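Examination of the molecular architecture
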Amino acid sequence: MASENTFVVEKTCPICMKETRVIKTRSRLVVEKRDEDLCVHYKGFSPYYYRIWICEHCGFAGDEPTFVNRMPNKHREKLWEFLKHKDLEIEFAETRTLPDAVASFLMALTYLDIINGPASKKASYNLNVAWLYRFGAYKDREQEYLAKAAELFDVSLSKERYPVGGLTDNAAVYLIGAIYYRMGDFEKCTQYLSRIISDQNVRTSEPKVFDKARDLWGDIRSNKKSSAKK
């Protein structure tokens with residue numbers, strides 16, 4: 001089915017090595033707003049529904065870099081050993097519902113667990129699931145996956161060498177703080193934001209990150225003042 005926001009291409013699955021149809025999103029999308037935790041709201045469409053590609057033959061799921069970049073042989077062998085007897089042929093559908101989109105991320109997380117994938121990628125996937133639930137106004141589920149994302153980003157900072165996935169270590173620290181802000185945990189949020197604001201090197205080297213942290217800190221102070229007046 002044709003879509004003004006998506007189109008279908010064929011890619012080679014990195015696990016079964018067969019050609020599979022996957023969905024790509026068009027780049028010309030209208031941004032309506034951005035949330036503190038970097039979630040972007042687009043007009044009438046969300047590309048997050050289609051971030052994960054799924055092989056229609058073996059059922060492997062991952063983001064575009066996972067499909068197009070070379071996968072270590074040990075990872076491919078481990079995943080193929082897991083999948084080859086599962087008979088997980090997936091019915092291809094160009095349009096995804098919220099449950100479809102969430103399921104795609106949970107599948108991708110399962111495969112990351114099998115190969116002990118990086119915490120940063122697991123964090124990113126969990127954050128994306130939280131955003132999907134935000135779009136659907138499922139507050140409890142959103143909070144559940146925000147908490148998982150914050151914990152995993154924290155783990156990644158101690159175990160991985162940044163930059164990772166387009167984030168510097170300072171940007172990741174800000175993001176953790178922003179996630180706690182969305183969760184309403186202002187105490188933990190300020191703990192992370194203070195690491196940015198108190199570091200003058202960040203102000204010089206990453207002014208956008210510094211300004212985001214400072215602005216969010218200001219929002220917290222305003223919220224506290226409003227609560228005190230009430």
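Further up the page is the structure itself.
Description of the structure in this document. Keep in mind that what you see is a predicted model, and the values were worked out from it rather than measured.

Side note on the layout of surface pockets
- Within this model, the largest pocket holds a volume of roughly 1,100 Å³.
- Surrounding the largest pocket, 43 residues form its lining, R51, D63, K121, S124 and Y125 being those nearest its centre.
- The set of elements that each furnish at least two residues to the lining of the largest pocket consists of β2 (19-25), β6 (61-63), α1 (64-68), α2 (73-83), α3 (98-114) and α4 (119-135).
- If you tally residues by element for the lining of the largest pocket, the top one is α4, at seven residues.
- The class makeup of the residues in the lining of the largest pocket is 26 nonpolar, ten polar and seven charged.

Description of unusual backbone geometry
- Cis geometry is found at the peptide bond from Y162 to P163, where omega equals 10°.
- In this structure, P163 sits in the loop between α5 (139-159) and α6 (169-183).
- Notably, M17 is not glycine yet its phi reads approximately 70°, a positive angle.
- With respect to the helices and strands, M17 occurs in the loop between β1 (6-12) and β2.
- What makes M17 partly exposed here is its relative accessible area of 49%.

Side note on the nonpolar core
- Membership of the largest hydrophobic core comes to 69 residues, with the highest contact counts inside it found for F60 and F153.
- Of the residues forming this core, the biggest block, ten residues, is contributed by α6.

Here's the deal with the pattern of salt bridges
- Across all of its chains, the model carries 15 salt bridges by this definition.
- Between R182 and E36 there is a salt bridge whose closest N-O contact spans 2.9 Å. Taken together, the residues span a long stretch of sequence, with R182 in helix α6 and E36 in the loop between β3 (31-34) and β4 (40-42) at a distance of 146 residues.
- Overall, R182 belongs to the partly exposed group, its relative accessible area being 24%.
- Among the salt bridges present, the one from E144 reaches K148, with a minimum N-O distance of 3.6 Å. With a gap of four residues between them, E144 and K148 both fall in helix α5, about one helical turn apart.

What counts and how
Residues numbered from 1 in each chain as written. Predicted model: local features only at pLDDT ≥ 70, side-chain atom pairs only at ≥ 80, totals over all residues. Heavy atoms only, no water. 1 Å grid on protein atoms, 1.4 Å probe; cavity = no way out; pocket = protein on both sides within 12 Å on 5 of 7 lines; lining within 4 Å. Points joined across faces, edges and corners; volume = space filled by probe spheres on them. Helix = DSSP H or I, 4+ residues; strand = E, 2+ residues; numbered from the N terminus. Nonpolar A, V, L, I, M, F, W, Y, C, P; charged D, E, K, R; others polar. Buried < 20%, exposed > 50% of the residue type's maximum accessible area, 1.4 Å probe, protein only. Core = buried A, V, L, I, M, F, W, Y, C linked by side-chain atoms within 4.5 Å. Salt bridge = Lys/Arg side-chain N within 4 Å of Asp/Glu carboxyl O.

Without other data, these values stay purely geometric and don't point to any function.
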